[in-house]
Amino acid sequence: MDAAQFEKSLASVLSWWDEAGVETPALAPAKPKKRAPIKRENLQSAKPAAPRAAPDAPPPTDDAFAKAAADIAAKCKTLADLKAAVESFNAGGLSDAARGAVFSRGNSAADVMIIGEAPGAPEDAAGKPFIGPSGQLLDRIFASIGLGEDSLYMTNVVNWRPPNNRKPNESEIALCLPIIKRHIALAKPKLIVLVGGVSMAALTGQKGITKTRGSWETLEIEGAAIPALITYHPAYLLRQPHLKRDVWRDMLSLKARIAQL
Ligand code: URA
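Let me begin by describing the structure that accompanies this report. (Residues numbered from 1 in each chain as written. Predicted model: local features only at pLDDT ≥ 70, side-chain atom pairs only at ≥ 80, totals over all residues. Heavy atoms only, no water.)

**A word on the overall build of the protein chain**
- When its secondary structure is counted, the protein chain shows twelve helices and six strands.
- Residues classed as buried in the protein chain amount to 46% of the 261 residues present.
- In the protein chain, the share of contacts with a sequence separation of at least 24, taken over all contacts with a separation of at least 6, comes to 71%.
- When the accessible surface of the protein chain is totalled, it reaches about 12900 Å², and 53% of it is carbon and sulfur. (Helix = DSSP H or I, 4+ residues; strand = E, 2+ residues; numbered from the N terminus. Buried < 20%, exposed > 50% of the residue type's maximum accessible area, 1.4 Å probe, protein only. Contact = heavy atoms within 4.5 Å. Areas by Shrake-Rupley, 256 points an atom, 1.4 Å probe, with all protein chains shown as cover.)

In structure tokens, the structure reads:
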């Protein structure tokens, strides 16, 4: 990291601490990162894996897409296999409405895996999770405890941007659930952070994040028991900045847990 990058990171972390209620010296906030969008023509893939209807057959059901997703996920032996399979998967209306799949960002060998909800427009354009405004806040939150892209592995429960940027519905989550479970099993994180109610509900079955935020749950994934911290989604914090204090407490809890690894 050069001096300019260091200064930018420092300013960013200090501003997050400031907003979380921790006393800091005043520094100018860093400018948001810019990433070149991926051209649509480069993302157009054959999408062969999903249920293909014969010309006169009825369209595949949600269950058929979910079964196809479970089948391809189960066959993948490495993260590279899974990424390729997801990128070429036909997830019906979900993948038809998106530019392409959004798989992951960061270091796949990191101890900590962050799981969000679904890509938004900036993530869909760039093919990487958490790069829009909420992702930039997420980066600052984790940088405040010394975790950058090298120490984190980021993904979402849903791999495609839901049409019109809406929340993913139950059948879209059900379709993607075998993929995220296999993703976790192959990445083998030591700790997971579930950001937001959608990823919490999908992976723990719990509802009501205001009650569960800050708690550690255990995810049983393919025989492994992985501790998972529940915290608010950064997009929620952008709307409710006073809750940054709670997330700061969650970060301290995560830092303490990492120290015990
Ligand atoms: N929100 C998410 O949950 N994930 C992203 O990748 C971007 C925004």
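So much for the structure itself; the text now carries on.
**Observations concerning the sheet that holds strand S4 (residues 191-195)**
- Taken together, six strands build an open sheet; the order of strands is S1-S3-S2-S4-S6-S5 and the sheet is mixed. Looking at which strands have only one partner, the edges of the open sheet turn out to be strand S1 (105-106) and strand S5 (216-221).
- Taken together, the six bridges between S5 and strand S6 (residues 224-231) define a ladder with antiparallel strand orientation. From the neighbouring strand, glutamate 217 faces S6, where its bridge partner is alanine 228.
- Sitting on the sheet, helix H9 (residues 197-204) touches strand S2 (112-116), S4, S5 and S6, and the angle it makes with S4 is about 125°. (Pairing = 2+ DSSP bridges. Axes fitted to C-alpha atoms, helices over the stretch in contact; angles between N-to-C directions.)

**Section: the pairing of strand S3 (residues 152-156)**
- Across the five residues of S3, five count as buried, placing the element largely inside the fold.
- Where burial is concerned, the two faces of S3 agree: the one with Leu152, Met154 and Asn156 and the one with Tyr153 and Thr155 are both buried.
- As judged from the two bridges shared by S1 and S3, these two strands associate in the antiparallel manner. From the neighbouring strand, glycine 106 faces S3, where its bridge partner is tyrosine 153.
- Here five bridges tie S2 to S3, and the two strands are oriented parallel to one another. Bridging across to S3, isoleucine 114 finds its partner in methionine 154.

**Some words on the pairing of S2**
- Burial analysis of S2 places five of its five residues in the buried class, the great majority of the element.
- Neither face of S2 is left uncovered, since the one carrying Val112, Ile114 and Gly116 and the one carrying Met113 and Ile115 both have all their residues buried.
- Relative to S4, S2 is paired through four bridges, and the arrangement is parallel. Within S4, the residue paired with valine 112 across the bridge is leucine 191.

**Focus on unusual backbone geometry**
- The phi dihedral of lysine 188 falls on the positive side, at around 50°, and the residue is not glycine.
- In this structure, lysine 188 sits in the loop between helix H8 (170-187) and S4.
- On the basis of relative accessibility, which here comes to 62%, the residue lysine 188 falls in the exposed class.
- Positive phi, normally seen in glycine, also occurs at glutamate 222, with a value near 45°.

**Considerations on the layout of surface pockets**
- Its boundaries defined by the atoms lining it, the second largest pocket holds a volume of some 560 Å³.
- Lining of the second largest pocket is provided by 25 residues; of these, Glu117, Ala118, Lys167, His233 and Ala235 occupy positions nearest its centre.
- For the lining of the second largest pocket, the secondary-structure elements that each account for two or more residues are helix H6 (121-126), helix H7 (133-143), H9 and helix H11 (234-239).
- A class-by-class count of the residues in the lining of the second largest pocket yields twelve nonpolar, eight polar and five charged. (1 Å grid on protein atoms, 1.4 Å probe; cavity = no way out; pocket = protein on both sides within 12 Å on 5 of 7 lines; lining within 4 Å. Points joined across faces, edges and corners; volume = space filled by probe spheres on them. Nonpolar A, V, L, I, M, F, W, Y, C, P; charged D, E, K, R; others polar.)

**Some points on H9**
- Residues Val198, Ser199, Met200, Ala202 and Leu203 constitute the buried set of H9.
- Looking at the buried side of H9, the elements it contacts are S2, H8, S4, helix H10 (209-212), S5 and S6.
- Positive phi shows up at glycine 205, right after H9, with a value of about 80°.

**Description of the site of the ligand**
- Taken together, Gly116, Glu117, Ala118, Glu123, Pro129, Phe130, Ser134, Asn156 and His233 make up the full set of residues adjacent to the ligand.
- In the environment of the ligand, a nitrogen atom lies 3.1 Å from a nitrogen or oxygen atom belonging to the backbone of alanine 118.
- Between the ligand and asparagine 156, the relevant distance is 2.7 Å, taken from a nitrogen atom to a side-chain nitrogen or oxygen of the residue.
- Contact with the protein chains removes 92% of the 240 Å² of surface that the ligand exposes when unbound. (Near = heavy atom within 4 Å. Polar contact = N/O pair within 3.5 Å; in protein donor to acceptor, adjacent residues only side chain to side chain.)

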